[in-house]
Amino acid sequence: MKRIVSALLLGVAIFTFAFSRPAFAAGDPASGAKIFSANCASCHAGGKNLVQANKTLQKDALEKYGMYSEEAIIAQVSKGKNAMPAFTGRLNDAQKADVAAYVLLQAENGWN
């Protein structure tokens, strides 16, 4: 019985660590809101896209274009694309994760 309990606890521990993300990757949406306001809102106010109207930050558009994940948003913010500038050098990794957390939260809530 002791071996079964030990094996079960070990399995839970492995599962927990294997599927958890680093704390900074989860991001802080409150901090992300401030960073977004200062760096992104001029083109993406309210989840819109003033340059390419169909590529908004709404959940359905993010899903359609393969951008509905922290990793994808962080990559886009880091590297930029088309008219969007790269923010590497302007934002650190934690700030990018915060922006991604904010965008995902807002998209989930319909940017209300």
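Before any of the text, the structure's been laid out above.
What comes next concerns the included structure. (Residues numbered from 1 in each chain as written. Predicted model: local features only at pLDDT ≥ 70, side-chain atom pairs only at ≥ 80, totals over all residues. Heavy atoms only, no water.)

It is worth spelling out the packing of helix 6 (residues 70-79) against helix 7 (residues 93-108) at this point. Taken N-terminus to C-terminus, the directions of helix 6 and helix 7 make an angle of 125°; their axes are 9 Å apart at the nearest point. By the angle between their directions, the pair helix 6 and helix 7 is classed as oblique. When you trace helix 6 past helix 7, the crossing you get is right-handed. Judged by residue contacts, Glu-70, Ile-73, Ile-74, Val-77 and Ser-78 of helix 6 engage Lys-96, Ala-97, Val-99, Ala-100, Ala-101, Val-103 and Leu-104 from helix 7. (Axes fitted to C-alpha atoms, helices over the stretch in contact; angles between N-to-C directions. Helix = DSSP H or I, 4+ residues; strand = E, 2+ residues; numbered from the N terminus. Parallel < 35°, antiparallel > 145°, perpendicular 65-115°, else oblique. Left-handed = near helix turned anticlockwise from the far one by under 90°. Contact = heavy atoms within 4.5 Å.)

One finds Phe-36, Val-99, Val-103 and Trp-111 to be the most contacted residues of the largest nonpolar core, which totals 18 residues. Those elements giving two or more residues to this core turn out to be helix 3 (29-39), helix 6 and helix 7. Apart from the residues lying within four places of it in its own chain, the contact partners of Val-99 are Gly-32, Ile-35, Phe-36, Cys-40 and Val-77. (Core = buried A, V, L, I, M, F, W, Y, C linked by side-chain atoms within 4.5 Å. Buried < 20%, exposed > 50% of the residue type's maximum accessible area, 1.4 Å probe, protein only.)

Take the pattern of salt bridges next. Applying the stated rule across the entire model yields 1 salt bridge. Between Lys-59 and Glu-108 there is a salt bridge; the shortest N-O distance is 3.3 Å. One end of the pair, Lys-59, is in helix 5 (residues 59-64); the other, Glu-108, is in helix 7, and 49 residues separate them in sequence. Overall, Lys-59 belongs to the partly exposed group, its relative accessible area being 28%. (Salt bridge = Lys/Arg side-chain N within 4 Å of Asp/Glu carboxyl O.)

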